[in-house]
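# Remarks on the overall topology
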Amino acid sequence: MDAPRKLYVKSFGCQMNVYDSHRMADMLAREGYVETAEPAEADLVILNTCHIREKAAEKVYSELGRLRKSQEETGHSTLVAVAGCVAQAEGAEIIKRAPVVDLVVGPQSYHRLPELLAKARAGEPAVDTDFPVEDKFDHLPAPSAAATRKRGPAAFLTVQEGCDKFCTFCVVPYTRGAEVSRPVAKILAEAERLAEQGVRELTLIGQNVNAFHGTGADGRTWSLADLLYRLAEIPGIGRLRYTTSHPRDMGEDLIAAHRDLPALMPYLHLPVQSGSDRVLKAMNRKHGRELFFDIVARMRAVRPDMALSSDFIVGFPGETDAEFEDTMDLIRRVGFAGAFSFKYSPRPGTPASDLGAQVPEAVKTERLHRLQAALEASKRAFDLSCVGRTFEVLFEKPGRQPGQLIGRSPYLQSVVVNTPPAGIGEFLTVTITEAGPNSLAGTPLSHTPLSHVTARARPLAALEA
Ligand code: SAH
Ligand code: SF4
Ligand code: F3S
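The structure presented is a predicted model; accordingly, all values stated were derived computationally and were not measured.

### Things to note about the domain arrangement of the chain
Each domain of the chain was delimited in the assignment, giving domain 1 (5-128), domain 2 (136-181 + 190-201 + 228-385) and domain 3 (390-453). Averaged C-alpha coordinates put domain 2 and domain 3 at centres separated by 25 Å. With 20 residues of domain 2 in contact, the opposing surface of domain 3 contributes 20 residues. It is P153, R239 and D383 in domain 2 that bury the most area against domain 3; as a group they hold 32% of the surface buried on that side. There are 0 salt bridges connecting domain 2 and domain 3.

### So, the site of ligand 3
Around ligand 3, the surrounding shell consists of C14, N17, T49, C50, H51, I52, C85, R176 and Q207. Each residue belonging to the shell around ligand 3 can be placed in one class, and the counts come to 4 nonpolar, 4 polar and 1 charged.

### Looking at helix α15 (residues 361-385)
Over its 25 residues, α15 runs 36 Å from end to end, which matches the ideal 36 Å to within 8%, given 1.5 Å per residue. Where α15 is concerned, the buried positions are K364, R367, L368, L371, L375, S378, F382 and D383.

### A look at the site of ligand 1
The full set close to ligand 1 counts 15 residues, and F169, Q207, Q273, D311 and S345 are the nearest of them. A distance of 3.4 Å is found between an oxygen atom of ligand 1 and a side-chain nitrogen or oxygen belonging to R285. Protein contact buries 90% of the 540 Å² of open area that ligand 1 shows by itself. Secondary-structure elements contributing two or more residues to the shell around ligand 1 are β15 (307-314) and β16 (338-343). For the shell around ligand 1, the per-class residue count stands at 6 nonpolar, 4 polar and 5 charged.

### So, helix α14 (residues 321-334)
Spanning 14 residues, α14 covers 20 Å between terminal C-alpha atoms, matching the ideal 20 Å at 1.5 Å per step. Check the buried side of α14 and you find it contacts α12 (277-282), α13 (289-302), β15 and α15. Immediately downstream of α14, the backbone of G335 shows phi near 70°, a positive value.

### A few points about the packing of aromatic side chains
Taken as a whole, this structure holds 8 aromatic pairs when the rule is applied. With a centroid separation of 5.8 Å and an interplanar angle of 70°, the aromatic rings of Y19 and F137 are classed as edge-to-face. Of this pair, Y19 sits in helix α1 (residues 15-30) while F137 sits in helix α6 (residues 136-139), and the two are 118 residues apart along the sequence. Across this residue pair, the class does not change: Y19 and F137 are buried.

### So, the nonpolar core
Generally speaking, soluble globular proteins have nonpolar side chains that are buried together. Counting residues in hydrophobic clusters, the biggest one holds 52 residues, and the most contacted among them are L202, L204, L227 and Y242. Dropping the residues within four chain positions of it, L227 is found in contact with V159, V184, I187, L188, L204, F212 and W222. Core analysis: the next-biggest nonpolar cluster, separate from the first, contains 25 residues, A81, L103, Y110 and A126 among them.

### With respect to the pairing of strand β1 (residues 5-11)
The sheet contact formed by β1 and strand β2 (residues 33-35) spans 3 bridges and is parallel. Looking at the pairing, R5 lines up with Y33 of β2. Two strands pair when backbone bridges link them, and β1 and strand β3 (residues 44-49) are joined in this way by 5 bridges, in the parallel orientation. The partner of K10 across the bridge, within β3, is L47.

### Remarks on the sheet that holds strand β10 (residues 201-205)
Overall, parallel pairing links the 3 strands, which are arranged β7-β10-β13 in an open sheet. Here the strands that pair on one side only, and so sit at the sheet edges, are β7 (154-158) and β13 (239-243). Strand after strand, the sheet turns through a mean of 25° between neighbouring axes, direction not considered. Note that β7 and β10 share 5 bridges and pair parallel. Among the inter-strand pairings, A154 is bridged to a residue of β10, identified as E201. The sheet contacts of α1 involve β7, β10 and β13, and relative to β7 the element is tilted by about 95°.

### A closer look at the sheet that holds strand β14 (residues 267-269)
Spatial strand order, β14-β15-β16: 3 strands in an open sheet with parallel pairing. Pairing within the sheet leaves two strands with one partner each, and these edge strands are β14 and β16. The mean inter-strand angle of the sheet, taken between neighbouring strand axes irrespective of direction, is 10°. Taken together, the 3 bridges between β14 and β15 define a ladder with parallel strand orientation.

Rules used in this analysis
- Residues numbered from 1 in each chain as written.
- Chains lettered and ligands numbered in written order.
- Predicted model: local features only at pLDDT ≥ 70, side-chain atom pairs only at ≥ 80, totals over all residues.
- Heavy atoms only, no water.
- Domains from an automatic or database assignment.
- Contact = heavy atoms within 4.5 Å.
- Buried area = accessible area lost by both parts, 1.4 Å probe.
- Salt bridge = Lys/Arg side-chain N within 4 Å of Asp/Glu carboxyl O.
- Near = heavy atom within 4 Å.
- Nonpolar A, V, L, I, M, F, W, Y, C, P; charged D, E, K, R; others polar.
- Helix = DSSP H or I, 4+ residues; strand = E, 2+ residues; numbered from the N terminus.
- Expected span 1.5 Å × (residues − 1).
- Buried < 20%, exposed > 50% of the residue type's maximum accessible area, 1.4 Å probe, protein only.
- Polar contact = N/O pair within 3.5 Å; in protein donor to acceptor, adjacent residues only side chain to side chain.
- Areas by Shrake-Rupley, 256 points an atom, 1.4 Å probe, with all protein chains shown as cover.
- Phe/Tyr/Trp six-rings, centres within 6.5 Å; stacked < 30°, edge-to-face > 60°.
- Core = buried A, V, L, I, M, F, W, Y, C linked by side-chain atoms within 4.5 Å.
- Pairing = 2+ DSSP bridges.
- Axes fitted to C-alpha atoms, helices over the stretch in contact; angles between N-to-C directions.

As structure tokens, then:
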């Protein structure tokens, strides 16, 4: 028998890419590829790329340079594919700039990879950046039980793709295309299968996940809230999350779902970008700061233990010192438990990149430092406030010391527990004893299986058989 062909996949950017990378690996498994963690020994390398900021896009070219060098040194010939948002944005230009690349495939065309690979092997041009009418997910096979187990008990599930919001700084509407929701039946089938395979936590993902409006088998249009209520009924699914949301689409029914569903985690990632009304308007975010405060208040009214994280951009064109102070003020008022923050990066083809009054780099750097110091302090305060609290922890992987396991709190914090009376893929009630810079430590309170999870789920041990 031939030795299996080896595949190395590297994901950059957001969770959508992580999910897509898994689905590409699942499809290529059928073509005889097994995954390797070593690019130098791979027969096929896929870089699943991100175009969101200049730095993210440039990373791809440094990675391609390394690949070319290693191919020259070892003489091992590897097919190189560029997938994802840089592939969509730059297409055939990528091969011109980096001839080591054999194949370019945009995010909506992954199901065509086998044909593209055949072309690339025959030395023909292999570039596909279409937005095809067919749904790629209909043609991408589901993961095997072994692949799901390897990826762990917390899984992503894409429910929506693309974006129609056109924030003036953002490339996503161009790289991912128009907003499309997957049909409800397909999502439910995938969730049920994952749960059967041992998944206990599902994060529904989409560029604008709370704009989800999928067609149900009943012909009705389901909202994200409708979907969450239904998913919470699946035996084995103990936790639900969703990301990334837009403030404009935080419907009343979604807030009610947080009140009603114990499985829906009290942690919301809600990007706000700026605390200044003028900047928000120039960004075309379609809401002001008051809407954000209002959502936070309504969320906390239904779930007093609700914590928030967000995304911020500093140095959007024309941002004044006073406008930046509005962002600092918003941070103080909300008290975020986590955040991502970035310097504005002008992106080709986006309206904001053409605006005058670009903020000087030094000013952006100074603002980012101040913002990040404030966000870090806010996160630290939240972590410290968790000491003494009791959380359900879902164990995901072994820790560094023998017997140790690492799990996640409802707030996505890593929790390290010594010799817990539970295994990977199981929940345990843990009292938090310490908050370190990167993780919490805790001791098990008792082995209390969650009635809404374990009662109806087959134990993981049964799945190993
Ligand atoms: N759909 C999500 C986020 C998509 S991109 C939303 O609507 O918020 C993830 C984050 O990258 C954004 O929230 C934003 O903070 C940041 N980002 C996007 N474009 C950027 C740019 N041109 N420069 C700097 N940061 C950017
Ligand atoms: Fe980009 Fe705005 Fe769409 Fe988010 S909502 S993906 S930031 S255009
Ligand atoms: Fe990046 Fe594309 Fe995601 S640009 S953030 S990989 S949607």
